[in-house]
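Fold and contact review
Here is what each chain is made of, one letter per residue.
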Amino acid sequence: MADTPDGISDLTPGELRAIEAFELAGFEVELLETPEPPVAVPLYRRHGHVA
């Protein structure tokens, strides 16, 4: 396929079906780049006591 958008190979079968459903319903589908996941920041417990 000459029209295959970049990144489509990374999609799950369910995501591909959803895109196809939207296209069949007449929507123009555009794939956007996925942002990097947020960095996990460890939470430290405070050692103080609450009254």
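See the structure shown above.
Residues numbered from 1 in each chain as written. Predicted model: local features only at pLDDT ≥ 70, side-chain atom pairs only at ≥ 80, totals over all residues. Heavy atoms only, no water.

1. Examining the overall build of the chain
Rule in force here: Helix and strand assignments follow DSSP, with helices taken as H or I runs no shorter than four residues and strands as E runs no shorter than two, numbered in order from the N terminus. For each residue, the accessible area found with a 1.4 Å probe, counting protein chains only, is set against the maximum for its type, and the residue is called buried under 20%, exposed over 50%, and partly exposed in between. Accessibility throughout is a Shrake-Rupley quantity obtained with a 1.4 Å probe, and a residue counts as covered only by protein chains that appear here.
Across its full length, the chain holds one helix and zero strands. Buried residues in the chain amount to 2% of all 51 residues. Counting every atom, the chain has about 5700 Å² of accessible surface; 58% of that belongs to carbon and sulfur.

2. Let's talk about a nonpolar patch on the surface
We count it as follows: Distance thresholds for patches are 9 Å for like charges and 5 Å for nonpolar side chains (Val, Leu, Ile, Met, Phe, Trp, Tyr), applied to residues having over 30% relative accessible area and no salt bridge. Each salt bridge in this description consists of a side-chain nitrogen of Lys or Arg and a carboxyl oxygen of Asp or Glu lying within 4 Å of one another.
Among the surface-exposed residues, Phe22, Phe27, Val29 and Leu31 lie close enough to one another that they form a single nonpolar patch of about 350 Å² accessible area. One can find Val29 in the segment after helix H1 (13–24). Here Val29 falls in the partly exposed class, since its relative accessible area comes to 31%.

3. Describing the packing of aromatic side chains
The condition is simple: Aromatic rings from Phe, Tyr and Trp, with only the six-membered ring used for Trp, were paired whenever their centres fell within 6.5 Å, and each pair was classed as stacked if the ring planes differed by under 30 degrees, edge-to-face if by over 60, and tilted otherwise.
What the rule picks out here adds up to one aromatic pair. With centroids separated by 5.6 Å and ring planes inclined at 85°, the aromatic side chains of Phe22 and Phe27 adopt a geometry described as edge-to-face. Given a relative accessible area of 46%, Phe22 falls into the partly exposed group.

Read these as geometric descriptors, not functional statements.
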